[in-house]
Amino acid sequence: MLTVNKEIEGGKVTISLKGRLDINAVSQAEAELRPLLGKATELIIDMKDLKFLATDAMRVLLSAQKQMNRQGRMRLINVGETVLDNLETTGFVDIFYIAD
């Protein structure tokens, strides 16, 4: 199960993910993220409480990154070891800006 919390301050959008972003949660993540992207100049995705990120679900983040490259910037913060390992294994760690 995935819980998505959103905080919007002008063009700064912070998304906090809690639970598992697996293949079953892809549609939910896309539906919650897509309407916010058009307004964002800065997108922060807080992964402090994200326990799992499936390879198939990474396309949600990749799609957001592509859009933010055109209109601002995107950062992943509080990335846990398990999620970071998945990003490293797939090579996505080189695509995203990952902050401590």
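Nothing here was measured: the structure is a model prediction, and the numbers come from that model.

Participant: What is the right way to look at the pairing of strand β4 (residues 73-77) in this model?
Facilitator: Summarising burial for β4: four of the five residues are buried, a large majority. Sheet topology note: the strand β3 (residues 42-53)/β4 ladder contains five bridges and is parallel. Considered in β4, the bridge of Ile45 is made with Leu76. In the classification by handedness, the crossover that spans β3, the intervening helix α2 (residues 58-71) and the parallel β4 is right-handed. Here two bridges tie β4 to strand β5 (residues 98-99), and the two strands are oriented parallel to one another. Of the residues in β5, the one forming a bridge with Leu76 is Ile98. Of the crossover connections in this fold, the one passing from β4 over helix α3 (residues 81-90) to the parallel β5 is right-handed.

Participant: What is the right way to look at unusual backbone geometry in this model?
Facilitator: In terms of backbone geometry, most residues other than glycine have negative phi values and most peptide bonds are trans. Look at Asn78: it is not a glycine, yet its phi comes out positive at around 55°. Here Asn78 shows up in the loop between β4 and α3.

Participant: Can you help me understand the packing of aromatic side chains in this one?
Facilitator: What characterises a pair of aromatic rings is the spacing of the ring centres plus the angle enclosed by the ring planes. Inspection of the entire model under this criterion finds one aromatic pair. Seen in terms of ring centroids, Phe92 and Phe96 are 6.2 Å apart; in terms of plane orientation they differ by 25°. Their pairing is stacked.

Participant: Just to check I follow, could you spell out the sheet that holds β4 for this structure?
Facilitator: To summarise the sheet geometry, strands pair through backbone hydrogen bonds and adopt either a parallel or an antiparallel arrangement. Read across the open sheet, the five strands follow the order β1-β2-β3-β4-β5; overall the sheet is mixed. Whereas interior strands pair on both sides, the edge strands pair on one side only; in this sheet they are β1 (2-9) and β5. Direction of pairing for β1 relative to strand β2 (residues 12-21): antiparallel, over a ladder of eight bridges. Pairing of Glu7 across the sheet is with Thr14, part of β2. Packing against the sheet, α2 makes contact with β3 and β4, and its axis sits at approximately 170° to β3. Along the sheet, α3 contacts β3, β4 and β5; its crossing angle with β3, the most-contacted strand, is approximately 105°.

About the cut-offs
Each chain has its residues counted from 1, following the order in which its sequence is written. Only residues with pLDDT of 70 or above have their local features reported here, since the model is predicted, and side-chain atom pairs are shown and tallied only from 80 upward, although totals for entire chains, interfaces and linings are computed over all residues. The side-chain numbers reported here are obtained from all heavy atoms of the structure, hydrogens and water having been left aside. Exposure is judged per residue with a 1.4 Å probe applied to protein chains only, and the accessible area is read against the type maximum: over 50% gives exposed, under 20% gives buried, and values in between give partly exposed. Counting from the N terminus, the helices are the DSSP runs of H or I reaching at least four residues and the strands are the DSSP runs of E reaching at least two. At least two bridges found by DSSP between two strands are what make those strands a pair. Look down the strands so they point away from you; if the path from the first strand over the helix to the second goes clockwise, the crossover is right-handed. Here a pair means two rings of Phe, Tyr or Trp (six-membered ring of Trp) with centres within 6.5 Å. Their orientation is stacked below 30 degrees between planes, edge-to-face above 60, and tilted elsewhere. Any two residues whose heavy atoms approach within 4.5 Å at even a single point are treated as in contact. Only the stretch in contact is used when fitting a helix axis, every axis being a line fitted to C-alpha atoms; angles between N-to-C directions are given from 0 to 180 degrees.

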